[in-house]
Amino acid sequence: MTEQSAESIGAGTRPLRIAIVGAGPAGIYAADALMKSDAEVSIDLYERMPAPFGLIRYGVAPDHPRIKGIITALHKVLDKPQVRLLGNIDYGVDITLPDLQRFYDAVIFSTGANADRALEIAGIDLDGSYGAADFVSWYDGHPDVPREWPLEAEKVAVLGVGNVALDVARVLAKTGDELLPTEIPPNVYEGLRGNKAREVHVFGRRGPAQAKFTPLELRELDHSPTIEVIVDPADIDYDEGSEAARRHSKQVDMICNTLEQWAIRDVGARPHKLFLHFFESPAEIVGDGDGKVVGLRTERTQLDGTGNCKGTGEFTDWDIQAVYRAVGYLSQNIPSLPFDEQAGTVPNEAGRVLVDEDADGAARYMPGTYVTGWIKRGPVGLIGHTKGDANETIACLLDDAATFAPAQSPELDAVTAFLQDKGVPFTTWAGWYRLDAHERSLGEPQGRERVKVVEREDMLRASEPDKVPNS
Ligand SMILES: Cc1cc2nc3c(=O)[nH]c(=O)nc-3n(C[C@H](O)[C@H](O)[C@H](O)COP(=O)(O)OP(=O)(O)OC[C@H]3O[C@@H](n4cnc5c(N)ncnc54)[C@H](O)[C@@H]3O)c2cc1C
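Residues numbered from 1 in each chain as written. Predicted model: local features only at pLDDT ≥ 70, side-chain atom pairs only at ≥ 80, totals over all residues. Heavy atoms only, no water.

Going by what an unreviewed UniProt entry lists, the chain is known as ferredoxin--NADP(+) reductase and is assigned to Nocardia uniformis. Under the heading Catalytic activity (unreviewed entry), UniProt records this for the chain: "2 reduced [2Fe-2S]-[ferredoxin] + NADP(+) + H(+) = 2 oxidized [2Fe-2S]-[ferredoxin] + NADPH". We quote the UniProt Sequence similarities (unreviewed entry) comment for the chain here in full: "Belongs to the ferredoxin--NADP reductase type 1 family." (UniProt positions renumbered as here; feature names shortened; annotations may be inferred.)

This paragraph deals with the packing of helix α7 (residues 132–139) against helix α8 (residues 163–173). A pair of packed helices is characterised by two quantities: the angle between their axes and the separation of those axes. Interhelical geometry of α7 versus α8 gives an angle of 55° and a closest axis separation of 11 Å. Between α7 and α8, the angle is such that the two are oblique. As for how α7 packs across α8, the hand of that crossing is left-handed. Listed contacts from α8 to Ala132, Phe135, Val136 and Tyr139 of α7 are Val164, Asp167, Val168, Val171 and Leu172. The residue inventory of the contact of α7 with α8, partitioned by class, reads eight nonpolar, no polar and one charged. (Axes fitted to C-alpha atoms, helices over the stretch in contact; angles between N-to-C directions. Helix = DSSP H or I, 4+ residues; strand = E, 2+ residues; numbered from the N terminus. Parallel < 35°, antiparallel > 145°, perpendicular 65-115°, else oblique. Left-handed = near helix turned anticlockwise from the far one by under 90°. Contact = heavy atoms within 4.5 Å. Nonpolar A, V, L, I, M, F, W, Y, C, P; charged D, E, K, R; others polar.)

Our focus in this paragraph is the sheet that holds strand β11 (residues 280–287). Reading across from one edge, β11-β12-β13 is the order of the three strands in this open sheet, with antiparallel pairing throughout. Every other strand in the sheet has two partners, leaving β11 and β13 (309–319) as the edge strands with one partner each. Taking the axes of each pair of neighbouring strands and ignoring which way they run, one obtains an average angle of 20° across the sheet. When strand β12 (residues 293–303) meets β13, the two strands line up antiparallel, connected through eight bridges. Its bridge partner lying in β13, Leu296 is registered against Trp318. (Pairing = 2+ DSSP bridges.)

In total, this model carries 39 salt bridges according to the counting rule given. Across the salt bridge formed by Glu183 and Arg450, the nearest N and O atoms sit 4.0 Å from each other. Here Glu183 is found in the loop between α9 (176–179) and α10 (186–193), whereas its partner Arg450 is found in the loop between α17 (429–443) and α18 (456–463), with 267 residues between them in sequence. Side by side, Glu183 and Arg450 carry an identical accessibility label, which is buried. Residue Asp235 is joined to Arg300 by a salt bridge in which the shortest nitrogen-to-oxygen separation is 2.9 Å. One end of the pair, Asp235, is in the loop between β9 (227–231) and α12 (240–248); the other, Arg300, is in strand β12, with 65 residues separating them in the sequence. We note that Asp235, like Arg300, is buried. Because the salt bridges share partners, they merge into one network encompassing Arg57, Lys68, Asp140, Glu183, Asp436, Glu439, Arg440, Glu449, Arg450 and Lys452. (Salt bridge = Lys/Arg side-chain N within 4 Å of Asp/Glu carboxyl O. Buried < 20%, exposed > 50% of the residue type's maximum accessible area, 1.4 Å probe, protein only.)

Turning next to the UniProt feature "binding site: FAD" (unreviewed entry) in the chain. Under the feature "binding site: FAD" (unreviewed entry), the UniProt entry names Ala26, Glu47, Leu55, Trp374, Gly381, Leu382 and Ile383. Topologically, Leu55 is positioned in helix α3 (residues 54–58). The class of Leu55 is partly exposed, set by a relative accessible area of 28%. Excluding residues that lie within four positions of it along the chain, Leu55 makes contacts with Val60, Ala113, Tyr329 and Trp374.

And the structure:
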């Protein structure tokens, strides 16, 4: 941005006050982009959970320590003096948009996604039919889901062929002991130790060239000493559209190569079988008289030449006792903001929240209100992609800064006094240091990097000075 516009920001004599709602990667990268700009900024980062880092903490699988390690880089951003973390604050409940507009010159929403996209097939509400997001929240120790997860099924289906489907399938197929060195909390270890799953069947509606996994995640399936990955040679099929996709994308080609190799090798003796099925479209989850899942019916599909598929009318019944749908995450709508229910995003242009168009078709934006990350462009893409999102949103915000209605109460302690008056027990960055140290101390005797604290109350206690939970 130009020097002239930097000087004219806000009231001109004080730093630009910005609230960011959602301390996942998108929100933290937005704070970073703001601090790296020419503008003088003072940022408060609001987070619903007592701890920051969003889906890195509550989505990324526990056996992906390298990805969880991105937290180290994000930590450095939150260490900067221009940014404050205000955790355990639920926007829409503890604080509203008019409140934020009183304390800040601009507000950025980076609330991500935490629910499962619906799958409209018969039997989806049966006992034993689960959303992947709920299971992920359970194994990642999210405080707001039940502590126990039913793992009685010996044969399990996972619907979907993206990375989340692979995470769910891998965690279901691994043993509890394989996952013990990770940060999983004790209740999750106990649950996984009792897991009866011996066969995990992953189903994709289309073919290998249309799968949404990334090559690294796919190949990783084969690294577990307990998991035998099995691909039926009949499921390796390509049409012109698929061949074109392979030519245009190295990633697609790598995935196809890996699946081809797995399809022609002999099946080994590892105890847990993980089948990757293609060209099988889920048609119905079958229940018994008590409403429990006892099977899955799929319809065989075939390629139509363009990379799309059509049904063949040939059905297969699979002996399955639990079904996990991993067909995508979905964002929740944000109070006081417009929301596109179908896309699951806040309508926006390059991060500016879009209200509607005027009579001449020109976009009308919500003043001083922005979005970034998954709530901006939908729940797809890796953590790294949220950095580009943030840069684009912050460029718009800085271009608009001269037009902001200045906050009425921009002082740092005005908003904290407001929260204290309301009795909101918020956590801080210093509190995260304490919780982090506590989790590491729980892991240390077992040679583990950390053991996650699950209960919200325990997280809050561990975040307070000189108070740790009795565990
Ligand atoms: C199961 C799963 C596994 C994944 N694994 C990988 C992986 O291995 N590698 C990879 O690169 N990417 C992975 N991703 C993708 C990655 O997690 C996302 O790209 C990234 O987290 C999106 O960032 P975000 O900040 O937009 O959203 P989020 O990470 O969802 O962060 C949003 C934050 O906003 C907070 N929030 C929401 N509502 C409110 C509110 N009302 N008030 C206050 N705070 C609120 C949430 O608590 C959360 O902390 C995975 C995603 C999932 C779902």
